[in-house]
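# Coordinate analysis (summary)
Listed here are the chains, written in short residue letters.
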Amino acid sequence: MTLTIPNAPGSSGYLDMFPERRMSYFGNSYILGLTVTAGIGGLLFGYDTGVISGALLYIKDDFEVVKHSSFLQETIVSMAIVGAILGAAAGGWINDYYGRKKATMFADVIFAAGAIVMAAAPDPYVLIAGRFLVGLGVGVASVTAPVYIAEASPSEVRGGLVSTNVLMITGGQFLSYLVNSAFTQVPGTWRWMLGVSGVPAVVQFGLMLLMPESPRWLFMKNRKSEAIQVLVRMYDISRLEDEIDHLSAAEEEEKLRKRTVSYLDVFRSKEMRLAFFAGAGLQAFQQFTGINTVMYYSPTIVQMAGFHSNQLALLLSLIVAAMNAAGTVVGIYFIDHCGRKKLALSSLCGVIISLLILSFSFFKQADTSSSDGGLYGWFAVLGLALYIAFFAPGMGPVPWTVNSEIYPQQYRGICGGMSATVNWISNLIVAQTFLSIAEAAGTGMTFLILAGIAVLAVVFVIVFVPETQGLTFSEVEQIWKERAWGDNSGWFSSSDSNNMEGLLEQGSPSEGS
């Protein structure tokens, strides 16, 4: 592998001039190994999301109080999300202070401890405490894994390598359903399902002992000699000096942003308010259109449709999880070929149709006395499968991709974290209320409500979300300028200009001609 130094700043770069010399996804086994190891954090994230859906069926059998309380069922599911919100909030500080490597290992310890507590829980309340611990680990991992991978990735393959973490999440969900199915006939069923979740955490902890710290973090902590030792294993000598120079410059910009940009600045600028509204709105609609209702409760939904066998419910849910993983692969391809906005809109249209099928199925199922699901039970399963088939390629990856593109560089970390928090909180609301709403209003009406929310999401995307495919960051910034002030207006209002104009001149890329 031979890579040479890009041209001077401002040019298109040597790698753009000679694309055949770009590093490929599989071009460096060291980087790929680091990516897969860090991606186990995504696997933990996905496994925890999926495993509770099957375990809940057997937890209800063991604990009578859980069986008769939708609130306890929702709390068992959603307490992990509460932990994840707190873990994600603390994860940024842990990453900055202790580094990406130690943050990952810390998440593994917390996750493994939570798995042990869940497996040994003598009552549902200890189980809930274990779910909270697992959630803390998931929250820290959800912040750390993509950052660690991105900071250790060559720019030309960074997108694909970071997307590996998304694949690990959906792969973890699929694995959880396999594990659920494997333990259906084993004594202590749900304890094995939840306890096994600690195994990947232990494996990742061991592998992380062999992995380096992020070179970007080492530069930030002025440990440049250690950073160079890491970079030597990633790049050919002809490219190494250039990577070091760019990394040093990027760290200076990062430190500048942290000194000069605050959370309040997001709401002081009209452009940033519009951008954050679009990004956070996408994250909220991702959850409120029901994705984690499907992932957390799919076996329960299948049973609601009339398939009362736990084994059959898990098998049908396994198919749903497999479609979710496959759909993510499809989405990674189409997101750069069809555009973000078009992909989101087509995804939402399919989601609406799927939710209407689910709603119709449950309305009709309520009018029949079939105990084995019958025709409308199979319609419900079809609706679930179609929902995943449409959601996974579009509304799965689009909100995360758009949020990485629509903010100026100075705000990308702050706004990305804020929008991710909106996602987790929306996730919590959905997980904590779905069964109660279904119990009060009926499952058919609940899915009809979700379909209505999906219609609102279509309107939101059309009106507020710009197409960012193929645009530079400066071109995306220009979109917000035009939306805020019109085509011929300046970047900021007079009050905004006093605070922010100098900062943007220092950090933003040139608009060009």
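Residues numbered from 1 in each chain as written. Predicted model: local features only at pLDDT ≥ 70, side-chain atom pairs only at ≥ 80, totals over all residues. Heavy atoms only, no water.

### Considering the overall build of the chain
Where we set the bar: Only runs of H or I of at least four residues qualify as helices and only runs of E of at least two qualify as strands under DSSP, and these elements are numbered from the N terminus. The buried label goes to any residue with under 20% of its type's maximum accessible area, the exposed label to any with over 50%, and the partly exposed label to all in between, with areas taken from a 1.4 Å probe on protein chains only. The contact rule is simple, with two residues in contact once any of their heavy atoms fall within 4.5 Å. Reported accessibility uses the Shrake-Rupley method at a 1.4 Å probe radius. Residues are deemed covered only where the shown protein chains occlude them.
For the chain, the count of helices and strands is 23 helices and zero strands. Counting all 513 residues of the chain, 54% fall into the buried class. In the chain, 79% of the contacts between residues at least 6 apart in sequence involve partners at least 24 apart. Carbon and sulfur atoms provide 65% of the accessible area of the chain, an area that totals close to 21200 Å².

### With respect to helix α6 (residues 124-151)
The condition is simple: The span expected for a helix works out to 1.5 Å for each residue beyond the first. What qualifies as a polar contact is a pair of N or O atoms within 3.5 Å, subject to a donor-acceptor requirement within protein and to the restriction that residues adjacent in sequence count only when both atoms come from side chains.
With 28 residues, α6 should cover 40 Å at 1.5 Å per step; its first-to-last C-alpha distance of 41 Å lies within 8% of that length. In this structure Asp 123 caps α6, since a side-chain oxygen of it lies 2.9 Å from the backbone nitrogen of Tyr 125.

### Some words on the pattern of salt bridges
The test is simple: When a carboxyl oxygen of Asp or Glu is within 4 Å of a side-chain nitrogen of Lys or Arg, the pair counts as a salt bridge.
One pass over the full model with this rule turns up two salt bridges. The closest approach of N and O atoms between Arg 131 and Asp 48, which form a salt bridge, is 2.8 Å. Linking Arg 131 in helix α6 with Asp 48 in helix α2 (residues 29-62), this pair joins segments that are 83 residues apart in sequence. With respect to class, Arg 131 is no different from Asp 48; both count as buried.

### Here's the deal with the nonpolar core
Side chains of nonpolar character tend, in soluble globular proteins, to be buried together. Just so we agree on the cut-off: Buried residues of nine kinds, namely Ala, Val, Leu, Ile, Met, Phe, Trp, Tyr and Cys, make up a nonpolar core once their side-chain atoms join them within 4.5 Å.
With 50 residues, the main nonpolar core has Leu 355, Tyr 387 and Tyr 407 as its most contacted residues. Core analysis: the second largest hydrophobic core is formed by 34 residues, Tyr 47, Ile 52, Val 77 and Val 134 among them.

### What to know about the packing of helix α5 (residues 100-120) against helix α9 (residues 198-208)
Put simply, the rule reads: Lines fitted to C-alpha atoms define the axes, with helix axes restricted to the stretch in contact, and inter-axis angles between N-to-C directions lie between 0 and 180 degrees. Note that the term roughly parallel is reserved for angles under 35 degrees, roughly antiparallel for angles over 145, roughly perpendicular for angles of 65 to 115, and oblique for everything else. By convention, the crossing between two helices is left-handed when the near helix turns anticlockwise from the far helix through less than a right angle, and right-handed when the turn is clockwise. Polar here means any residue outside two lists: the nonpolar Ala, Val, Leu, Ile, Met, Phe, Trp, Tyr, Cys and Pro, and the charged Asp, Glu, Lys and Arg; Gly therefore counts as polar.
As a packed pair, α5 and α9 sit with axes 8 Å apart at the nearest point and diverge in direction by 155 degrees. Here α9 runs roughly antiparallel to α5, going by the angle between their axes. Along this stretch, α5 crosses α9, giving a crossing that reads as left-handed. Residues Lys 101, Thr 104, Met 105, Asp 108, Val 109, Phe 111, Ala 112 and Ala 115 of α5 pack against Gly 198, Ala 201, Val 202, Gln 204, Phe 205 and Met 208 of α9. Within the contact of α5 with α9, the residues separate by chemical class into nine nonpolar, three polar and two charged.

### Here's the deal with the packing of aromatic side chains
Going by this rule: Side-chain rings of Phe, Tyr and Trp (the six-membered ring for Trp) are treated as a pair once their centres are within 6.5 Å; stacked means planes under 30 degrees apart, edge-to-face means over 60, and tilted covers the remaining angles. Two conditions define a charge sitting above a ring: the NZ of Lys or the CZ of Arg must be within 6 Å of the ring centre, and it must be within 35 degrees of the ring normal.
Going through the model one piece at a time under the given rule, you end up with 10 aromatic pairs. Members of the aromatic cluster, each reached through a chain of ring pairs, are Phe 277, Phe 285, Phe 460 and Phe 464. Over the ring of Trp 485 we find Lys 270, and its NZ or CZ is 4.9 Å from the ring centre.

### Quick word on the environment of Gly 195
Its place among the elements puts Gly 195 in helix α8 (residues 189-195). Residue classification places Gly 195 among the partly exposed residues on the basis of a relative accessible area of 27%. Taking C-alpha positions, Gly 195 is 6.7 Å from Met 118, a pair spaced 77 residues apart along the chain. In this structure, Gly 195 is in contact with Ala 115 and Ala 119, ignoring residues within four places of it in sequence.

### Let's talk about the packing of α5 against α6
Two numbers describe how α5 lies on α6: the axes approach to 8 Å, and their chain directions differ by 155 degrees. Accordingly, the angle class assigned to the pair α5 and α6 is roughly antiparallel. For the crossing formed where α5 meets α6, the hand is left-handed. The residue inventory of the contact of α5 with α6, partitioned by class, reads 18 nonpolar, five polar and three charged.

### Overview of the environment of Trp 378
Relative to the helices and strands, Trp 378 resides in helix α18 (residues 374-391). Assessed through its relative accessible area of 46%, Trp 378 is described here as partly exposed. Sequence-wise, Trp 378 and Val 302 are 76 residues apart; in three dimensions their C-alpha atoms are separated by 9.1 Å.

### Describing a nonpolar patch on the surface
Formally: Each patch is built from residues that are more than 30% exposed by relative accessible area and take part in no salt bridge. Like charges join if they lie within 9 Å; nonpolar side chains (Val, Leu, Ile, Met, Phe, Trp, Tyr) join within 5 Å.
Residues Val 109, Val 199, Val 203, Phe 205, Leu 207, Leu 209 and Leu 210 make up a contiguous nonpolar surface patch of roughly 610 Å² in combined accessible area. When residues in the nonpolar patch are grouped by element, the largest group, four residues, is from α9. Given the relative accessible area of 46%, Val 109 is considered partly exposed.

### Considering helix α11 (residues 224-232)
Here is the rule: Summarising the geometry, the arc corresponds to the directions from the helix axis toward the C-beta atoms.
Those residues of α11 not exposed but buried are Ala 227, Val 230 and Leu 231. The buried residues of α11 all sit within an arc of 100 degrees when viewed along its axis, so they share a single face. Within α11, the exposed residues directed more than 90 degrees away from the buried face are Ser 225 and Gln 229.

### Section: the confidence of the model for the chain
Put simply, the rule is: For every residue, the predictor assigns a confidence score, pLDDT, that lies between 0 and 100.
Of all residues in the chain, 79% have pLDDT values of 70 or greater, and the mean over the chain is 78. Per-residue pLDDT stays below 50 along residues 1-15; that stretch engages in 34 contacts with residues further than four places along the chain or on separate chains. Note on residues 489-513: pLDDT under 50 across the span, and 40 contacts to partners over four residues away in sequence or across chains.

### Here's the deal with the environment of Pro 122
Residue position: Pro 122 is located in the loop between α5 and α6. Assessed through its relative accessible area of 58%, Pro 122 is described here as exposed. Along the primary structure Pro 122 and Phe 63 are separated by 59 residues, whereas in three dimensions their C-alpha atoms are 9.6 Å apart.

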